[in-house]
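Report on the structure
Listed below, chain by chain, are the residues.
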Amino acid sequence: MIRILIVILIILNNCGKKGDLYLDGKESNTIIEIEEERIYKFITGEGMGRKESKIQRRTSRSLEIIFFVLVSQNLISSPIDHHQERFEDVALKIWEYAELGYLEEKSSSLLQQELKDSGFTIQSGIAGIPTAFIAEYNNGGPVLGILGEFDALPGLSQQNVPFKTAEGLSSANGHACGHHLFGAASAWAVVAIKEWLEESGTPGTIRFYGTPAEEGGSGKVYIARDGYFDDVDIVLHWHPASGNSADAQSSNSNKSGKFTFSGISAHAASAPEKGRSALDGVEAMNMMVNMMREHVPQESRIHYVITKGGLAPNVVPDIAEVYYYVRHPRMNVVDELFQRVVKAAEGAALGLSLIHISEPTRPERIGDCGFWVKKKRGGGGGGGGGGGG
């Protein structure tokens, strides 16, 4: 396992760099074997007359990564840059496609075809998601996965400049988060790793996980829920950034939900008393959540955007929607905070004589937690079921 991880970390750290890297022959295998033995002795304390220390346990992985990145120039014998132009072209095509989460049909198909052409077996439509897939090269041994994302964000220019501009906004989608690089470079990495496994005769299975809808859609959640990671020994993840490094990090847990309020439309000037503004429900909920911010753990993040708020000021909006993210490093804290946000929605509905109905997520709205708020009509007690928000 450590031998394959060494090579993977080297390749991931050098994909896209200038210059050739080398890997093959007795010399490279000897280097790897010697350093495996050194790392093992350092971790365990073997031959040093002492037991493994807490410091050794905590620093072993970091030292392993640092050392092998430093000696990577001596480890690779067939240049990974052989595929550079090919995957640069893939990245630029995904950039031009700029497809939103769960709609990445062209981007997903392109990556699948490239990996199929490189000898990978493709499993499409995993977890019931049309654009999710797995590309695998199976050579026995440990199973290693690399994640690849390829979705864009809404409301962004596609001009390749380091600032936002109105020019090029016809598509209204863009790759500001660099997922065109993410998917292409991860595919490049698994191809290079496959070639090394074949050349060296090392047992090992490498998988590319095509994970759609990272931007708010939680695509990986459904892939994990359906067991596609159950037999994997280790999964590596990276992200485009201003620096090139390999290190262990964690990220915030995140729970998202769309809260929809339904009211009664009326003319805001001639008959406002006949209307019930759904937008009032959204604003009341947001006010309560904003007051809640003082009383949440410091590491928490709560943010929202109003996705529906009416079309004209002189018409009382009968439908309004707000989209929330709740984040914290610990998942159980996210659950607790999200329930407080739900209570704010219920309070807004109660304060405006609305009925709040929580509905389960519908398949076509995968990744959303639906909340439908229905205005109580007349003297009736039931608000009637609405579509999930």
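Cut-offs used in this document
Residues numbered from 1 in each chain as written. Predicted model: local features only at pLDDT ≥ 70, side-chain atom pairs only at ≥ 80, totals over all residues. Heavy atoms only, no water. Helix = DSSP H or I, 4+ residues; strand = E, 2+ residues; numbered from the N terminus. Buried < 20%, exposed > 50% of the residue type's maximum accessible area, 1.4 Å probe, protein only. Contact = heavy atoms within 4.5 Å. Areas by Shrake-Rupley, 256 points an atom, 1.4 Å probe, with all protein chains shown as cover. Phe/Tyr/Trp six-rings, centres within 6.5 Å; stacked < 30°, edge-to-face > 60°. Lys NZ or Arg CZ within 6 Å of the ring centre and 35° of its normal. Polar contact = N/O pair within 3.5 Å; in protein donor to acceptor, adjacent residues only side chain to side chain. Expected span 1.5 Å × (residues − 1). Core = buried A, V, L, I, M, F, W, Y, C linked by side-chain atoms within 4.5 Å. Axes fitted to C-alpha atoms, helices over the stretch in contact; angles between N-to-C directions. Parallel < 35°, antiparallel > 145°, perpendicular 65-115°, else oblique. Left-handed = near helix turned anticlockwise from the far one by under 90°. Patch = residues over 30% accessible without salt bridge, like charges linked within 9 Å, V, L, I, M, F, W, Y side chains within 5 Å. Salt bridge = Lys/Arg side-chain N within 4 Å of Asp/Glu carboxyl O. Pairing = 2+ DSSP bridges.

1. Considering the overall build of the protein
From N to C terminus, the protein includes nine helices and twelve strands. Classification of the 389 residues of the protein by burial places 45% in the buried group. In the protein, the share of contacts with a sequence separation of at least 24, taken over all contacts with a separation of at least 6, comes to 72%. With the model as given, the accessible surface of the protein reaches about 19,900 Å², and the carbon-plus-sulfur share is 53%.

2. Thoughts on the packing of aromatic side chains
Enumeration according to the criterion identifies nine aromatic pairs in this entry. Both rings, one in Phe133 and one in Phe208, keep their centres 5.5 Å apart while their planes meet at 25°; by these two values the pair is stacked. Highlighted residues: Phe133 in strand β2 (residues 133-137) and Phe208 in strand β6 (residues 205-210), separated in sequence by 75 residues. Each member of the pair, Phe133 as well as Phe208, is classed as buried. Ring geometry for Phe259 and Phe338: centres 6.1 Å apart, planes at 35°, overall tilted. You can see Phe259 sitting in strand β8 (residues 253-262) and its partner Phe338 sitting in helix α9 (residues 331-351), a full 79 residues away along the chain. We note Lys194 situated over the ring of Tyr137; from NZ or CZ to the ring centre the distance is 5.1 Å. If you follow Lys258 out to its NZ or CZ, it ends over the ring of Tyr323, 4.8 Å from the centre.

3. Here's the deal with the side chain of Lys194
You can see Lys194 is positioned in helix α6 (residues 179-200). A polar side-chain atom of Lys194 sits 3.1 Å from the main-chain carbonyl oxygen of Ser118. Aside from chain neighbours lying at most four places away, what touches Lys194 is Ser118, Gly119, Phe120, Tyr137 and Ile206.

4. With respect to helix α5 (residues 105-117)
Taking 1.5 Å of rise per residue, the 13 residues of α5 would be expected to cover 18 Å, and the 18 Å separating its terminal C-alpha atoms lies within 8% of that figure. Among the residues of α5, those classed as buried are Ser107, Ser108, Leu110, Leu111, Gln112, Glu114 and Leu115. On its buried face, α5 is in contact with α4 (84-97), β1 (121-124), β2, α6 and β6. Gly119 sits one or two residues past α5 and shows a positive phi near 95°.

5. Examining the nonpolar core
Within the largest apolar cluster, 26 residues are counted, with the highest numbers of intra-cluster contacts made by Leu111, Leu115, Phe120, Ile206 and Phe208. Listed by contribution, the elements that provide at least two residues to this core are α4, α5, β2, β3 (143-148), α6 and β6. Sort the elements by how many residues they give to this core and α6 lands first, with nine residues. In this structure Leu111 touches Val90, Ile94, Phe133, Phe150, Gly183, Ala184, Ala187 and Phe208, once residues within four positions along its chain are discounted.

6. Re the packing of helix α8 (residues 278-292) against α9
The contact between α8 and α9 brings their axes to 8 Å, and the two run at 140°. As summarised for this structure, α8 and α9 are arranged oblique, according to the angle between their axes. In this structure, the crossing between α8 and α9 has a hand that is right-handed. Side by side, α8 and α9 meet where Gly281, Ala284, Met285, Met288, Val289 and Met292 of the first sit next to Leu337, Arg340, Val341, Ala344, Ala345, Gly347 and Ala348 of the second.

7. A look at a nonpolar patch on the surface
Together, Met287, Met288 and Met291 make up a nonpolar patch on the protein surface, roughly 310 Å² of accessible area in all. Among the secondary structure elements, Met288 is positioned in helix α8. Here Met288 falls in the partly exposed class, since its relative accessible area comes to 31%.

8. Some remarks on the pattern of salt bridges
Tallied over the full model, the rule gives nine salt bridges. A salt bridge links Lys194 to Glu198; the shortest N-O distance between them is 2.9 Å. One end of the pair is Lys194 and the other is Glu198, both in helix α6 and four residues apart, which spans about a single turn. In this structure, the salt-bridge partner of Asp226 is Arg225, at a minimum N-O distance of 3.6 Å.

9. What about the environment of Val322?
Turning to its location among the elements, Val322 is positioned in strand β10 (residues 319-328). Separated by 43 residues in the primary sequence, Val322 and Leu279 have C-alpha atoms spaced 9.3 Å apart. Leave out the neighbours within four places in its chain, and Val322 touches Gly257, Lys258, Phe259, Val282, Met285, Asn286, Tyr304, Val305, Ile306 and Thr307.

10. Quick look at the environment of Tyr222
Examined against the element boundaries, Tyr222 turns out to sit in helix α7 (residues 219-225). Among the residues examined, Tyr222 registers a relative accessible area of 13% and is labelled buried. Residues Tyr222 and Ala127 lie 95 residues apart in sequence; the distance between their C-alpha atoms is 6.0 Å.

11. With respect to the pairing of β6
The buried fraction of β6 amounts to six of the six residues, a majority that puts the element mostly inside the structure. Burial along β6 is two-sided: the face carrying Thr205, Arg207 and Tyr209 and the face carrying Ile206, Phe208 and Gly210 are both buried. Bridging between β2 and β6 involves five bridges; their strand directions are antiparallel. When the bridges of β6 are listed, Glu136 appears paired with Arg207.

12. Focus: unusual backbone geometry
At Ala127, a position not held by glycine, the phi torsion is positive, near 55°. Relative to the elements of secondary structure, Ala127 occurs in the loop between β1 and β2. With relative accessibility at 11%, the residue Ala127 sits in the buried group. The backbone of Ala213 sits at a positive phi, close to 55°, despite the residue not being glycine.

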